[in-house]
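Next come the chains, spelled out residue by residue.
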Amino acid sequence: MTENVLTVTSLKAYYRMAYFGVDREVRAVDDVTLSVRKNEVYGIAGESSSGKTTLIKTFASAIRPPLKIVGGSMTYHFENGDIDPYAAPKAKVDALRWSHLSYIMQGSMSLLNPVRRIRRTFEDFAFRPMGLPSSEFWGRVESHLQRLDLSPNVLSAYPHQLSGGMRQRVTIALATVCQPEFVIADEPTTALDVVVQKDVLAMIRDVQRQMGSSVVFVTHDMSVHANIADRIGIMYAGRLVEEGPTRTLLAAPRHPYTAHLVASLPRIGDTTPKVALEGRPPNLAEPPTGCRFHPRCPLAIEKCTTDVPPLEPVGLDHRSACWRSAEVRPLTRIGHQELEVAG
Amino acid sequence: MTALLEVSHVSKHFVTGGRLSRSHIDAVVDANLSLSSDASEIFTIIGESGSGKTTLARMILGLEHPTSGDIRFEGKRNAERRTRAARRDFYRRVQPIFQNPFETFNPLKRVDRYLHASARTLFGARTASEAESVIDGALHKVGLSLREVAGRYAHELSGGQLQRVAIARALIPNPSLLIADEPVSMVDASLRMSIVTLLRDLRDEFGVSVIYITHDLATAYYISDRLVIMQKGYVVEMGPARPILDAPEHPYSRLLKDSVLSITDAGTDGLVSADRSESAAAWERVGTATLQEREDGRFVRL
């Protein structure tokens, strides 16, 4: 049994708004149960407005009204003891940040302060949590930058003097310099060019392996997940609909949404016509009854419109929330033999 | 063959900075391409940021003037279109689609207002009912209808729908050429295919040629007829799309293809930085290299 770093049990996070006398409730994260293990990359995939960003905001305990935790629990199991960020005192949660729990954000240009040198940003974020004397601190920062293939000279540069790929590497360095046990990465490579994207992903993977930390990696791009994630969780309309080891999930999906997501990706050398999924993601203020995917689902039956399917094991380490998961067939064959995992 | 668009020996040179910090950028160097008006096609321009692909598109649209060389659309240069009416006629034939649909539309105005404006000025609709039927026809081509869009603001539509509306707006004057600058890079991966398939259907059903600008090789493979690959302003490989992407010859094209992530890589642990040395070496020689023709019809700068 591998150890967990984070266990989440039936977590519900809703946006509650009351404008002009009308109460609106947006169920962005509804009844999510998952765990993230030590030393793994857990990928979260889903379309925009599927609730994936809200989910990681609750992971980072960075929620502000109107977002509210409505139910469920969330516990981190760090080396220095278990902690539930929503029950613990604020000072204790703040002490976790950066040294145990850190965040690689999307859009590195807006993250780094444009009028401060990179050196100052490192000082602001990392100096206090590391608790080292100044010379030792800068030694650690410089050796960490070198690990990410950055020269220590970037410390005296302003953000606009660096290229997009370098800035993204600086934010990765910033998030990992304190060797945190848990890193959340929110679409860190979406804005990058293809060549740079691969470099940055390889770097995240290397740093994660060297430090033995856990990474929650969020992106809507399944081909990125295929390359970096150990396990993938698929979000649809606020719910986790399928979870499994990367290879199994891609080669033998057990939820119709995942099957479509995988089959709709174009590949070089593949000339078969691709079918895009009809319809659009549901409005989370008024989600459909029963399974939220049923209006777009080719397998939907009467039961799907009324009963919510539970997320149940369908194989080794593999869970799916579908009443007809046994009948889901992969819509595309993914290359080589070793991927043909027995369902 | 009558030429729809002819780009011959086009270069664009930018000068930035003041007297002390002047720097020169060759955004596009000696680009040649042509589209025929007999058969519609999807012509893809591939390159990283800074490769000059957007500059080339802006020059074709007449938003930028080439430093040297000639761009002729239906036999006429942009500089020859001196009157307002001539320029409007040009935009009836060539229409742009931009990258981010949320920035294309003003968030404070209703989406259909743009459609009405295009129907009036570009199509020349005289009455509201005429404009509406034109708009409805254009929206039907992209799988929407005026009923779904009328009165809605940009934030009420999803990114994929909004990009369809942007394409519908471009289709109102029945253009023969669409210039789509990264139309899917801001759209979710799951919706991407519906947009690129739409571009392909426009080519097949309505005979619209598309210049598709992207850095995504997989969608380019899926829909393009021909493509060019650009490295920092230079066209390094040009020709039929699928043969080139199946077996790229220029080192830079190979680097791009090696960097493409695919779902078939799952579990192969193939996540290593691509080797840049050959591409960098080819870049050193780019000034003296010439485009050479190959048997399958491609041109490679070696």
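In this text, all values refer to a predicted model and were calculated from it rather than measured experimentally. (Residues numbered from 1 in each chain as written. Chains lettered and ligands numbered in written order. Predicted model: local features only at pLDDT ≥ 70, side-chain atom pairs only at ≥ 80, totals over all residues. Heavy atoms only, no water.)

1. Quick look at the overall build of chain B
Part 1 of the reasoning: Along the backbone of chain B there are twelve helices and twelve strands.
Part 2 of the reasoning: Its C-alpha radius of gyration of 20 Å places chain B within 12% of the 19 Å reference for a compact globule of 302 residues.
Part 3 of the reasoning: Over its C-alpha atoms, taken along the principal directions, chain B stretches across nearly 60 × 55 × 50 Å.
Part 4 of the reasoning: A buried classification covers 53% of the 302 residues belonging to chain B. (Helix = DSSP H or I, 4+ residues; strand = E, 2+ residues; numbered from the N terminus. Rg over C-alpha atoms; globule rule 2.2 N^0.38 Å. Buried < 20%, exposed > 50% of the residue type's maximum accessible area, 1.4 Å probe, protein only.)

2. Observations concerning the overall build of chain A
Part 1 of the reasoning: Within chain A one finds ten helices and twelve strands.
Part 2 of the reasoning: Over its C-alpha atoms chain A spans a radius of gyration of 21 Å, differing by no more than 12% from the 20 Å that the globule rule assigns to 343 residues.
Part 3 of the reasoning: Buried positions account for 55% of the 343 residues belonging to chain A.
Part 4 of the reasoning: The contacts of chain A with a sequence gap of at least 6 include a subset with a gap of at least 24, amounting to 66%. (Contact = heavy atoms within 4.5 Å.)

3. Topic: the nonpolar core
Generally speaking, soluble globular proteins have nonpolar side chains that are buried together.
Part 1 of the reasoning: Core analysis: the largest hydrophobic core is formed by 42 residues, its most contacted members being Phe122(A), Val141(A), Leu145(A), Val170(A), Phe217(A) and Ile228(A).
Part 2 of the reasoning: Elements represented by at least two residues in this core include exactly helix 4 (118–130), helix 5 (134–147), helix 6 (164–176), strand 7 (182–186), helix 7 (194–211), strand 8 (214–218) and helix 8 (222–228) of chain A.
Part 3 of the reasoning: Take this core: its biggest share by element is seven residues, from helix 7 of chain A.
Part 4 of the reasoning: Apart from the residues lying within four places of it in its own chain, the contact partners of Ile228(A) are Val41(A), Leu201(A), Ile204(A), Arg205(A), Phe217(A) and Leu271(B). (Core = buried A, V, L, I, M, F, W, Y, C linked by side-chain atoms within 4.5 Å.)

4. Considerations on the environment of Asp221(A)
Part 1 of the reasoning: With respect to the secondary-structure elements, Asp221(A) resides in the loop between strand 8 and helix 8.
Part 2 of the reasoning: Residue classification places Asp221(A) among the buried positions, given a relative accessible area of 16%.

5. A few points about the packing of helix 4 of chain A against helix 5 of chain A
Residues and elements named next belong to chain A.
Part 1 of the reasoning: Where helix 4 meets helix 5, the closest approach of the two axes is 11 Å, and the angle between their N-to-C directions is 115°. Seen from above, helix 4 lies across helix 5 with right-handed handedness. Contact residues: Arg-119, Phe-122, Glu-123, Ala-126, Phe-127 and Met-130 in helix 4; Ser-134, Phe-137, Trp-138, Arg-140, Val-141 and Leu-145 in helix 5.
Part 2 of the reasoning: Partitioning the contact of helix 4 with helix 5 into residue classes produces eight nonpolar, one polar and three charged. (Axes fitted to C-alpha atoms, helices over the stretch in contact; angles between N-to-C directions. Left-handed = near helix turned anticlockwise from the far one by under 90°. Nonpolar A, V, L, I, M, F, W, Y, C, P; charged D, E, K, R; others polar.)

6. Some details on the pairing of strand 3 (residues 42–46) of chain B
Every other side chain in a regular strand lies on the same face of the sheet, so the side chains alternate between the two faces.
Residue and element names in this part refer to chain B.
Part 1 of the reasoning: Extensive coverage of strand 3 is indicated by the burial of five of its five residues.
Part 2 of the reasoning: Residues Ile-42, Thr-44 and Ile-46 point to one face of strand 3 and Phe-43 and Ile-45 to the other, with burial holding for every one of them.
Part 3 of the reasoning: Note that strand 3 and strand 9 (residues 226–231) share four bridges and pair parallel. Of the residues in strand 9, the one forming a bridge with Thr-44 is Leu-227. (Pairing = 2+ DSSP bridges.)

7. Topic: the interface of chain B and chain A
Part 1 of the reasoning: Each partner contributes to the interface: chain B provides 45 residues, whereas chain A provides 43 residues.
Part 2 of the reasoning: A combined buried area of about 3,900 Å² lies between chain B and chain A, and 61% of that area is made up of carbon and sulfur atoms.
Part 3 of the reasoning: When the buried surface of chain B facing chain A is broken down by residue, Leu261(B), Ile263(B) and Leu271(B) rank first, second and third, together holding 21% of it.
Part 4 of the reasoning: One can count one salt bridge joining chain B with chain A.
Part 5 of the reasoning: Across the salt bridge formed by Asp199(A) and Arg276(B), the nearest N and O atoms sit 2.8 Å from each other. (Buried area = accessible area lost by both parts, 1.4 Å probe. Salt bridge = Lys/Arg side-chain N within 4 Å of Asp/Glu carboxyl O.)

8. Some remarks on the environment of Arg126(B)
All names here are of chain B.
Part 1 of the reasoning: Along the polypeptide, Arg-126 turns up in the loop between helix 4 (111–123) and helix 5 (128–141).
Part 2 of the reasoning: Its relative accessible area of 72% is what places Arg-126 among the exposed residues.
Part 3 of the reasoning: Separated by 36 residues in sequence, Arg-126 and Phe-90 place their C-alpha atoms 20 Å apart.

9. Notes on the sheet that holds strand 7 of chain A
Residue and element names in this part refer to chain A.
Part 1 of the reasoning: Read across the sheet, eight strands follow the order 6-7-8-3-9-10-12-11 without closing on themselves; strand pairing throughout is mixed. What marks the edges here is a single partner per strand, and that holds for strand 6 (101–104) and strand 11 (312–315). Going across the sheet, the axis of each strand differs from the next one's by a mean of 25°, ignoring polarity.
Part 2 of the reasoning: Pairing of strand 6 with strand 7, which is carried by four bridges, proceeds in the parallel orientation.

10. A look at helix 1 (residues 52–59) of chain A
Residues and elements named next belong to chain A.
Part 1 of the reasoning: The buried fraction of helix 1 amounts to six of the eight residues, a majority that puts the element mostly inside the structure.
Part 2 of the reasoning: Listed in full, the buried residues belonging to helix 1 are Lys-52, Thr-54, Leu-55, Ile-56, Thr-58 and Phe-59.
Part 3 of the reasoning: Where helix 1 terminates, the next one or two residues include Ser-61, which has phi positive at roughly 45°.

11. Remarks on helix 7 of chain A
Residue and element names in this part refer to chain A.
Part 1 of the reasoning: The terminal C-alpha atoms of helix 7, which comprises 18 residues, lie 26 Å apart, in line with the 26 Å expected from a rise of 1.5 Å per residue.
Part 2 of the reasoning: Burial analysis of helix 7 places 14 of its 18 residues in the buried class, the great majority of the element.
Part 3 of the reasoning: Immediately downstream of helix 7, the backbone of Gly-212 shows phi near 65°, a positive value. (Expected span 1.5 Å × (residues − 1).)

12. Points about the packing of aromatic side chains
Part 1 of the reasoning: Per the counting criterion, the structure on display carries twelve aromatic pairs over all chains.
Part 2 of the reasoning: Plain terms: the ring middles of Tyr76(A) and Phe78(A) are 5.0 Å apart, the flat faces sit at 10° to each other, and that makes the pair stacked. Here Tyr76(A) and Phe78(A) have matching classes, each one buried.
Part 3 of the reasoning: Each member of the aromatic cluster is reached from another via a ring pair, and the members are Tyr76(A), Phe78(A) and Phe182(A).
Part 4 of the reasoning: Between the NZ or CZ atom of Lys303(A) and the centre of the ring of Trp323(A), over which it lies, the distance is 3.8 Å.
Part 5 of the reasoning: A cation over an aromatic ring shows up here: Arg242(B) above the ring of Tyr221(B), its NZ or CZ 5.0 Å from the ring centre. (Phe/Tyr/Trp six-rings, centres within 6.5 Å; stacked < 30°, edge-to-face > 60°. Lys NZ or Arg CZ within 6 Å of the ring centre and 35° of its normal.)

13. Observations regarding the sheet that holds strand 4 (residues 67–78) of chain A
Residues and elements named next belong to chain A.
Part 1 of the reasoning: One open sheet accounts for four strands, arranged 2-1-4-5; its pairing is antiparallel. The open sheet has two edge strands with one neighbour each: strand 2 (22–37) and strand 5 (81–83). Between one strand and the next, the sheet's axes are offset by a mean angle of 10°, whatever the strand orientation.
Part 2 of the reasoning: The pairing of strand 1 (residues 4–19) with strand 2 spans eleven bridges and is classified as antiparallel. When the bridges of strand 2 are listed, Tyr-19 appears paired with Val-22.
Part 3 of the reasoning: Contacting strand 1, strand 2 and strand 4, helix 1 runs over the sheet at an angle of about 115° to strand 1.

14. Observations concerning the confidence of the model for chain A
Part 1 of the reasoning: With 95% of its residues at a pLDDT of 70 or more, chain A shows a mean pLDDT of 85.
Part 2 of the reasoning: For residues 336–343 of chain A, every residue scores under 50 in pLDDT, and the model assigns this stretch 15 contacts once sequence neighbours within four places are set aside. (pLDDT = per-residue confidence, 0-100.)

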